[in-house]
Amino acid sequence: MAEPEPTRTEPKKGANARLIMLMAAVGALLILVASALLNWPNRNSIGGSGRIGPAPAPRVVFEAEAGDCLNWNEPDATDIRKVDCGQPHLFEVTGTFDLRPQLPDDAPFPSTEQWQQLKQEHCTAVSQRYLDGMLDPDGRFSVGAFTPSEEGWADGDRTLHCGIQQPGPSGKLYRIKGSIRNLDQSNTYEAGRCLGINGTQVWDPVDCSEPHSVEITGLVDLGDEFTGDYPAPEDQDEFLATRCDELSADYAGGPDVVRDKELVVYWDTLSEESWKAGSRNVNCKVGAPLPDGSGLAPVTGSVRGEVQIGDEPAPSDTTSPEPGVPADEPR
């Protein structure tokens with residue numbers, strides 16, 4: 001399998017997040033709600049094995065059908081194999097798309113940018129059909145694809161092999177257990193998980209003893225509160241302002257712990273597209289803004305213990321693993 005071209009994910013646009021900043025002012029408690037600068041990656045960045053650009057399909061991919069699940073351990077997926085979807089896997093096949101009507105025999109091999117556009121356009125549609133239109137565009141899964149090799153292209157292969165995968169912000173792929181058809185797509189983490197920090201970007205999960213951007217303090221099912229149509233973001237905010245404050249206080253060990261450690265509470269809201277796809281869960285989190293308000297500060301240590309808050313942005317990691325490499329740890 002030829003080595004695919006490395007890439008970096010782009011910041012996700014329109015990430016729905018809210019901050020509660022708790023401040024004492026003249027003996028009263030002031031609650032200030034502001035947008036969190038999280039710089040989530042674009043969940044629709046797609047490429048074979050998680051990569052943007054060409055990712056030639058090995059034989060096992062040609063033999064796989066919609067609903068089959070694939071796993072591998074090597075960074076270039078040379079050991080790719082079919083597994084039961086109940087076992088941890090990196091790719092669930094959603095179908096194929098024939099590019100021949102669009103790109104006949106004399107068409108040149110697409111560039112990286114062209115592959116991205118082709119996979120975005122066609123494999124998103126294939127995966128939406130596979131899920132009966134219930135793919136959450138802002139959820140924890142994204143669309144991926146294996147492409148024809150250059151040699152196969154020259155021989156007339158025009159097939160995109162589309163599927164679903166679970167990338168982290170760095171591009172590493174996290175394993176999935178179970179079929180996407182039966183899983184909650186909400187982009188959430190378990191309470192107690194810390195998400196890394198890369199410059200001002202939220203990064204892959206890390207141990208809370210390492211510098212991180214946020215610590216997950218709770219999970220809220222908005223479907224318990226809002227049983228009808230999509231709730232407006234301001235209605236979600238009004239409910240979550242109280243609920244996340246409560247959950248974070250319980251998680252931290254007391255009502256004043258978060259504030260006393262100079263951390264703030266914030267939460268995610270759901271987009272209407274996510275709601276229509278069936279997602280209902282959001283996270284409550286704690287973190288710390290940089291002094292100049294330009295983003296999140298690096299925090300070391302859990303809110304349940306001693307914490308250290310940096311007053312400068314975290315270093316930017318320019319040696320991040322190539323997108324598509326399997327993650328060793330669970331999401």
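Here, every reference points to the structure presented above.
Residues numbered from 1 in each chain as written. Predicted model: local features only at pLDDT ≥ 70, side-chain atom pairs only at ≥ 80, totals over all residues. Heavy atoms only, no water.

Caption draft 1: Just the packing of aromatic side chains, in detail. The tally for this structure, following the rule as stated, stands at 7 aromatic pairs. Relative to Phe146, the ring of Trp72 has its centre 6.1 Å away and its plane inclined at 75°; by these criteria the two rings are edge-to-face. With Trp72 in the loop between strand S3 (69-71) and strand S4 (81-83) and Phe146 in strand S6 (residues 142-146), the pair connects residues that are 74 residues apart, well separated along the chain. You can call Trp72 buried: its relative accessible area is 0%. You can call Phe146 buried: its relative accessible area is 0%. (Phe/Tyr/Trp six-rings, centres within 6.5 Å; stacked < 30°, edge-to-face > 60°. Helix = DSSP H or I, 4+ residues; strand = E, 2+ residues; numbered from the N terminus. Buried < 20%, exposed > 50% of the residue type's maximum accessible area, 1.4 Å probe, protein only.)

Caption draft 2: Inspection of empty space enclosed by the protein at higher detail. The full count for this structure, using the stated rule, is 3 cavities of 30 Å³ or more. Space inside the second largest cavity adds up to approximately 50 Å³. Asp245, Ala249, Gly254, Pro255 and Val258 are the residues nearest the centre of the second largest cavity, which is lined by 11 residues in total. Going through the elements one at a time, helix H5 (233-252) and helix H6 (257-260) are the ones with two or more residues in the lining of the second largest cavity. Of the residues contributing to the lining of the second largest cavity, the split by class is 6 nonpolar, 2 polar and 3 charged. (1 Å grid on protein atoms, 1.4 Å probe; cavity = no way out; pocket = protein on both sides within 12 Å on 5 of 7 lines; lining within 4 Å. Points joined across faces, edges and corners; volume = space filled by probe spheres on them. Nonpolar A, V, L, I, M, F, W, Y, C, P; charged D, E, K, R; others polar.)

Caption draft 3: Seen up close, the layout of surface pockets. Estimates place the volume of the largest pocket at around 560 Å³. Taken together, 21 residues line the largest pocket, and the ones lying closest to its centre are Arg140, Gln166, Arg175, Glu190 and Arg331. The residue makeup of the lining of the largest pocket, split by class, is 8 nonpolar, 4 polar and 9 charged. Taken domain by domain, the makeup of the lining of the largest pocket includes at least three residues from each of domain 1 (55-174) and domain 2 (186-309). (Domains from an automatic or database assignment.)

Caption draft 4: Geometry of unusual backbone geometry. The phi torsion at Ala77 lies on the positive side, around 65°, for a residue other than glycine. Looking at Ala77, the relative accessible area reads 0%, which means it is buried.

Caption draft 5: Structural view of helix H2 (residues 112-130). The terminal C-alpha atoms of H2 lie 26 Å apart, and with 19 residues this matches the ideal 27 Å at 1.5 Å per residue to within 8%. Of all the bends found along H2, the most pronounced is centred on Lys119 and spans about 25°. For H2, the complete set of buried residues consists of Thr112, Trp115, Gln116, Leu118, Lys119, His122, Cys123, Thr124, Val126, Ser127 and Tyr130. Elements that come into contact with the buried residues of H2 comprise strand S5 (91-98), S6, helix H3 (150-154) and strand S7 (159-165). At the C-terminal side of H2, Asp132 shows a positive phi close to 55°. (Expected span 1.5 Å × (residues − 1). Bend = angle between axes of the 7 residues up to and from the residue. Contact = heavy atoms within 4.5 Å.)

Caption draft 6: Fine view of the pairing of strand S12 (residues 281-287). In terms of burial, S12 is largely enclosed, as 7 of its 7 residues are buried. In S12, alternate side chains face the same way, and those of Asn281, Asn283, Lys285 and Gly287 on one face and Val282, Cys284 and Val286 on the other are all buried. Looking at chain direction, strand S10 (residues 212-221) and S12 are connected through 7 bridges and run antiparallel. Note that in S12 the partner of Val220 across the bridge is Val282. (Pairing = 2+ DSSP bridges.)

So yeah, pure geometry; function would need other evidence.
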